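Residue-level listing of the chains:
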Amino acid sequence: MLFKTKKSHYEHLRKKWTDRHKSLQQTLFEKHKEVGRQVALSGLGGLLLLTTPAANLLPEVQLLTQSQIDKEKDTNAALAEKLKSTLPSEIRPLTLEEEQTISELLSAQFGFIVTSQIQGIGLNRSYGLIGGEQHLYRYPGDNLYKHADNATDWAMYGSAGIAPGLGAWGYFATSEAQLSEKDKLREQYYLAVQTFLAPGFAENVAQYRDFFKYRKMLVINSKTGQSVVAAVADAGPAEWTGKHLGGSPEVMHYLGLAQGPRKGTVLYFLIDDPNDKIPLGPVKIPERLAKI
Amino acid sequence: MKYFYMKYVNIEFLVEELHEMDLSERERHHLATLIDLSMSNAILDEILSNLSEIDKKAFIHLLQEDPESEYLMKFLNEKVENIEEKIKKAADDLAKQMHEDIKQSRRIK
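Residues numbered from 1 in each chain as written. Chains lettered and ligands numbered in written order. Predicted model: local features only at pLDDT ≥ 70, side-chain atom pairs only at ≥ 80, totals over all residues.

S.K.: Which parts of the structure should I look at to understand the overall build of chain B?
M.R.: Within chain B, the secondary structure is distributed over six helices and zero strands. Overall, chain B shows an N-to-C arrangement of helices and strands of α-α-α-α-α-α. Expressed along its principal axes, the backbone C-alpha trace of chain B runs to roughly 50 × 25 × 20 Å. Among the 109 residues that make up chain B, the fraction classed as buried is 40%. When contacts within chain B are restricted to residue pairs at least 6 apart in sequence, long-range pairs at least 24 apart make up 74% of them. (Helix = DSSP H or I, 4+ residues; strand = E, 2+ residues; numbered from the N terminus. Buried ≥ 20, exposed ≤ 12 C-beta atoms within 10 Å, placed from the backbone. Contact = placed C-beta atoms within 7 Å.)

S.K.: Before we go on, may I ask you to explain the nonpolar core in this structure?
M.R.: In a soluble, globular protein the nonpolar side chains are often hidden away together inside. Formed by 48 residues in total, the largest nonpolar core has its most connected members in Leu191(A), Met217(A), Leu218(A), Val219(A) and Ala230(A). Elements with a minimum of two residues in this core: α3 (69-84), α4 (96-110), β2 (127-132), β3 (190-193), β4 (216-221), β5 (227-235), α8 (249-254) and β7 (263-271) of chain A. With seven residues, the top contributor of residues to this core is β5(A). If we ignore the near neighbours within four places in the chain, the residues touching Leu218(A) are Leu106(A), Phe110(A), Val114(A), Ser227(A), Val229(A), Phe269(A) and Ile271(A). Trp154(A), Leu18(B), Leu31(B) and Ile47(B) belong to the second largest nonpolar core, which has 43 residues in total. (Core = buried A, V, L, I, M, F, W, Y, C linked by C-beta atoms within 7 Å.)

S.K.: Would you mind going over the interface of chain B and chain A with me for this structure?
M.R.: When the parts of a complex come together, some accessible area is lost, and that lost area is often used as the size of the interface. Each partner contributes residues to the interface: chain B has 47 residues there, and chain A has 47 residues. Where the side of chain B that touches chain A is concerned, the elements lending two or more residues are α1 (2-8), α2 (12-19), α3 (25-49), α4 (53-65) and α6 (83-107) of chain B. The element that contributes the greatest number of residues to the side of chain B that touches chain A is α3(B), accounting for 21 residues.

S.K.: How do you make sense of the confidence of the model for chain B when you look at a structure like this?
M.R.: Any region with low pLDDT has predicted coordinates that should not be read closely. Residue-level pLDDT values for chain B average 87, and 94% of them are 70 or greater. Overall fold confidence for the complex sits at a pTM of 0.74, while the interface term, ipTM, reaches 0.91. (pLDDT = per-residue confidence, 0-100.)

S.K.: Just checking my understanding: could you explain the confidence of the model for chain A for this structure?
M.R.: When pLDDT is averaged along chain A, the result is 86; 85% of the residues meet or exceed 70. Confidence drops under a pLDDT of 50 for residues 49-67 of chain A, and excluding neighbours within four residues, the segment shows 43 contacts in the predicted structure.

S.K.: Help me out: how do you make sense of the pairing of β4(A) in this one?
M.R.: Working note: regular strand, side chains alternate between the two faces of the sheet. Residue and element names in this part refer to chain A. Counting buried positions along β4 yields six of six residues, so the element is predominantly enclosed. Side chains Lys216, Leu218 and Ile220 project from β4 onto one buried face, and the interleaved Met217, Val219 and Asn221 project onto a second face that is buried too. Taken together, β4 and the strand that follows it, β5, pair antiparallel across an intervening segment of five residues, in which Gly225 is found at a positive phi of about 85°. Here five bridges tie β4 to β7, and the two strands are oriented antiparallel to one another. Paired with Ile220 across the strands is Leu267, a residue of β7. (Pairing = 2+ DSSP bridges.)

S.K.: Any chance you could explain the environment of Ser227(A) here in plain terms?
M.R.: Residues and elements named next belong to chain A. Among the secondary structure elements, Ser227 is positioned in strand β5. Overall, Ser227 belongs to the buried group, with 25 C-beta atoms counted inside 10 Å. A sequence separation of 48 residues divides Ser227 from Leu179, and the C-alpha atoms of the two residues are 26 Å apart. Residues contacting Ser227, with those up to four places away along its chain left out, are Asn76, Leu218, Val219, Ile220, Pro282 and Val283.

If you want it as structure tokens, here you go:
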């Protein structure tokens, strides 16, 4: 590592665990000969650590592993460039015309339908300031530590903490045993949006509540083009915060907004996905569509 | 293979311990990565140690093809008796050693 520390407890662990890791690698290498060498050199061990569900990949929508983040930043940067001429310089609600132009551009770039309204229902805006949220309780008895699939995950996302209350739709599952992979992904990649400010909400609370529950949205960092498909799982933030939506620690990470003030300007549009085909998680523009 | 990790590795207590330590974000991340890498290697070693040379190659081929395939576990269950318990034990043993390391590091002034 390039950084230095004077913390003796850290140094002790770092040295001990680095040595152990090398020793385990050496064991693989020597004990299993040809196969072990293949494992050690190819980094196959790293396959154990994958944090994105590769099995859910669509041909046109590629989820990214952590190591691909920087690359993704480059490929989606072209989108940010294209958006530059369309987006206003100040953070304000887009006009209907602007929304139309941008949703058409995003649909063409990502290869799925991106829109500001579905069945006549939409949020009050689609361009605004996102802030970092905490993790949500997924089932009774859940805790922060259980949110991590592996230690690296925890180190990356655990510091955000867990919200004291439940999300707007309560628990994601009734128990730990009932928690499905889909539930886990919904919490990992969740958004809090201002459903209560959606035009027509007050007159149709039940309908809107059901409409927005786990509704998929595309969120894009307007400066870098980094994009995430996320599910609405909470209502907020309050108007007085000055923020317009909130993102889970994972969403903020993949938008490139997890550091510093943990906020930034984003575009956020609904995804029309009636057959539930678009996977949640960071999303990259397919190369052949990027040329459009 | 994330499946192996999620199903057989209990790192909750390690994570809790690290959480309570005075560590910067980078330090915590570095130690967490070492936990994951060591776990991965320990599990792979346990798996490979229980397979014949031919089956090792077949397993590695399957792993490279699709690390998320449910067939991986089916393959292992067909080849090795009680493989799930063996994987779990290998992971638990390593986790206990690492837990001891953490406790030891806390005693260092």
